[in-house]
Amino acid sequence: MTVGTGVISGASVDIDRATVDELEAASVESQRAAVERLLSVPAVEEAYVLQTCNRVEAYVVTSDGPDGRAALDVFFDAVSEDVLVELGHEESLRHLMRVAAGLESIVVGEDQILGQVSTAYEDALAAGGIGRILEAGVTKAVHVGERARTETAINEGSVSLASAAVKLVDEEVGVDGTDALVVGAGEMGRLAAQSLAPRVDHLYVANRTTQRAVHLADTVDADATVVDLDDVAGVVADAAVVVTATGSPDYVFEKSTVAGAGETFVVDIAQPRDVPPTVTELPDVTVRDLDALKTVTDENRAQRAEAATVVEDMIDVEFDNLIAQYKRKRADRVISAMYESAERVKAQEVETALGRADLDEDQREVVEAMADAIVNQLLAAPTKSLRDAAEEDDWSTINTALQLFDPEFGAEADGDDVDGVEIPEHIRDQMPDAVFDQLGDD
């Protein structure tokens, strides 16, 4: 793929369209491993995978859209076409902004998704999946998410998926005065424990890493007991309410774990699920999952509708800025490559000419200045044409220019940086200030 000229293809499975079973079928063992799997496809140059409680999404950069869609079709092979949403280049960029801003969450405006988008970026970066295109797209999405939360009321009250789970429990069986068990000491487990703590008589906290469970139990305002994950069955009988939210790829509960425990209300907000479907066969056990939380969050959506409209407008502006940024960078890389190519030819010809003539220092400077002037005058018109081509989405002209002027340019650059494009000092010195100013103009 020509550096800087690829396109993004995306695909998404989320709880709004998919059932919990379908979402589980799309889940990956880890975001980093999923990125590495996508990068193993020859056509894929960049990749990013985001998996949360209610969504699994993947984005790839390829030289053209069909290659990207083909890679994602294989990646989501286990998912029905009915629930898979395919996204083109611009759709992917806009969707990522909406996700980071919390507009695509079950609980509109929840804060956890912004951290999850950032963590997925770090995972993709560690796997070698982040290049120039996804770097700009994902970092812009994070920026939009931060703006949405600082400049609007989209996250007023800091409502989370975990607190929505507790609200569901309260509506169906009541929370006050019960004993409750939280399984998982990650972000969702922490939020669930904090929501339950002021209202329950006793809180049990279980986690595979005991140290994290101890830390969580120490930080909540409740009488709390830490339980080893292998000993959960021993306390389920005491806990009328269970909220489970681990990151385990396997079931944490078994049917035998809750059999004989009496009346137990379980909310499973993990993805993949912590509780197997067979548990629902027990007459005294009620299990609710992400599907059930959809109805609980309708009120949240209505309350935040006004703020969501403001965020939508913000995304429109930021999206236009991002597209303009891509256009500038693509044109600037071509212009830089063009000057690189011209500089090589100029340097060779000047060296040849000076080697054939016995000139003093002043005369040599005149020859070199004349060569510089010729190059600058010849390239002034193509520079403007390439800028215009980028603004008009004439990528055929841009790609043709890249083929003509060394598409591999830039690997060892050591000079100025313009919109992410490094221009070697010896070339920068030959470029007219007006041209350089144009490249750096926002």
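Residues numbered from 1 in each chain as written. Predicted model: local features only at pLDDT ≥ 70, side-chain atom pairs only at ≥ 80, totals over all residues. Heavy atoms only, no water.

Draft legend 1. Structural detail: the layout of surface pockets. The space that makes up the largest pocket amounts to roughly 840 Å³. Every element with two or more residues in the lining of the largest pocket is listed here: strand 2 (46-52), helix 5 (112-126) and helix 8 (187-196). If one sorts the elements of the lining of the largest pocket by residue count, helix 5 sits on top with five residues. Considering only residue class, the lining of the largest pocket consists of 11 nonpolar, 18 polar and five charged. Taken together, Val7, His89, Glu90, Ile323, Tyr326, Lys327, Arg330, Asp393 and Trp395 make up the lining of the second largest pocket. Where the lining of the second largest pocket is concerned, the elements lending two or more residues are helix 4 (89-101) and helix 14 (305-355). If you tally residues by element for the lining of the second largest pocket, the top one is helix 14, at four residues. (1 Å grid on protein atoms, 1.4 Å probe; cavity = no way out; pocket = protein on both sides within 12 Å on 5 of 7 lines; lining within 4 Å. Points joined across faces, edges and corners; volume = space filled by probe spheres on them. Helix = DSSP H or I, 4+ residues; strand = E, 2+ residues; numbered from the N terminus. Nonpolar A, V, L, I, M, F, W, Y, C, P; charged D, E, K, R; others polar.)

Draft legend 2. How the structure looks around the sheet that holds strand 4 (residues 85-87). Strand order in the open sheet formed by four strands is 2-3-1-4, and the pairing between neighbours is antiparallel. Across the chains shown, the open sheet's two edge strands, defined by having one partner strand only, are strand 2 and strand 4. With strand direction ignored, the average angle separating the axes of adjacent strands in the sheet is 10°. Across three bridges, the pairing between strand 1 (residues 7-14) and strand 4 is antiparallel. Paired with Ala11 across the bridge in strand 4 is Glu86. The sheet strands contacting helix 2 (residues 31-39) are strand 2 and strand 3 (55-62), and the helix crosses strand 2 at an angle near 150°. Together, strand 1, strand 2, strand 3 and strand 4 form the strand contacts of helix 3 (residues 65-75), whose direction differs from that of strand 1 by roughly 30°. (Pairing = 2+ DSSP bridges. Axes fitted to C-alpha atoms, helices over the stretch in contact; angles between N-to-C directions. Contact = heavy atoms within 4.5 Å.)

Draft legend 3. Focus on the sheet that holds strand 9 (residues 264-268). Spatially, 7-6-5-8-9-10 is the arrangement adopted by the six strands of the open sheet, whose pairing is parallel. Where the open sheet ends on each side, the last strands, each with one partner, are strand 7 (224-228) and strand 10 (285-288). On average, adjacent strands in this sheet sit at an angle of 20° to one another, irrespective of strand direction. Taken together, the four bridges between strand 9 and strand 10 define a ladder with parallel strand orientation. The residue of strand 10 that forms the bridge with Thr264 is Val285. Packed on one face of the sheet, helix 7 (residues 161-172) meets strand 8 (241-244), strand 9 and strand 10 and runs near 155° to strand 9.

Draft legend 4. Looking closely at the pairing of strand 3. Counting buried positions along strand 3 gives eight out of eight residues, so the element sits mostly inside the fold. Along strand 3, one buried face is formed by Arg55, Glu57, Tyr59 and Val61 and the opposite face, lined by Val56, Ala58, Val60 and Thr62, is buried too. Taken together, the eight bridges between strand 1 and strand 3 define a ladder with antiparallel strand orientation. Residue pairing across strands places Asp14 opposite Arg55, the latter belonging to strand 3. Both strand 2 and strand 3 contribute to a ladder of seven bridges, which runs antiparallel. Residue Val49 lies in a different strand from strand 3, and its bridge partner there is Ala58. (Buried < 20%, exposed > 50% of the residue type's maximum accessible area, 1.4 Å probe, protein only.)

Draft legend 5. Representation of helix 5 in the model. In a regular helix each residue adds 1.5 Å, so 15 residues correspond to 21 Å; helix 5 covers 21 Å between its end C-alpha atoms and thus fits that length. Where helix 5 is concerned, the buried positions are Gln112, Ile113, Leu114, Val117, Ala120, Tyr121 and Ala124. Where helix 5 is buried, its residues meet helix 2, strand 2, helix 4, helix 6 (132-151) and helix 8. The first or second residue beyond helix 5 is Gly128, which carries a positive phi of 80°. (Expected span 1.5 Å × (residues − 1).)

Draft legend 6. The environment of Gly137, seen in detail. Relative to the helices and strands, Gly137 resides in helix 6. Along the sequence, Gly137 and Val227 sit 90 residues apart, while their C-alpha atoms lie 42 Å from each other. Not counting residues within four places of it along the chain, the set of residues in contact with Gly137 comprises Leu93, Leu322 and Tyr326.

Draft legend 7. View of the pattern of salt bridges. The tally for this structure, following the rule as stated, stands at 21 salt bridges. With a closest N to O distance of 2.7 Å, Arg94 and Asp316 form a salt bridge. Taken together, the residues Arg94 in helix 4 and Asp316 in helix 14 connect sequence positions 222 residues apart. Here Asp332 and Arg387 are joined by a salt bridge, their closest N and O atoms 3.0 Å apart. Residue Asp332 is found in helix 14, and its partner Arg387 is found in helix 15 (residues 361-391); the two are separated by 55 residues along the sequence. The pair Asp332 / Arg387 is uniform in exposure class, with both members buried. (Salt bridge = Lys/Arg side-chain N within 4 Å of Asp/Glu carboxyl O.)

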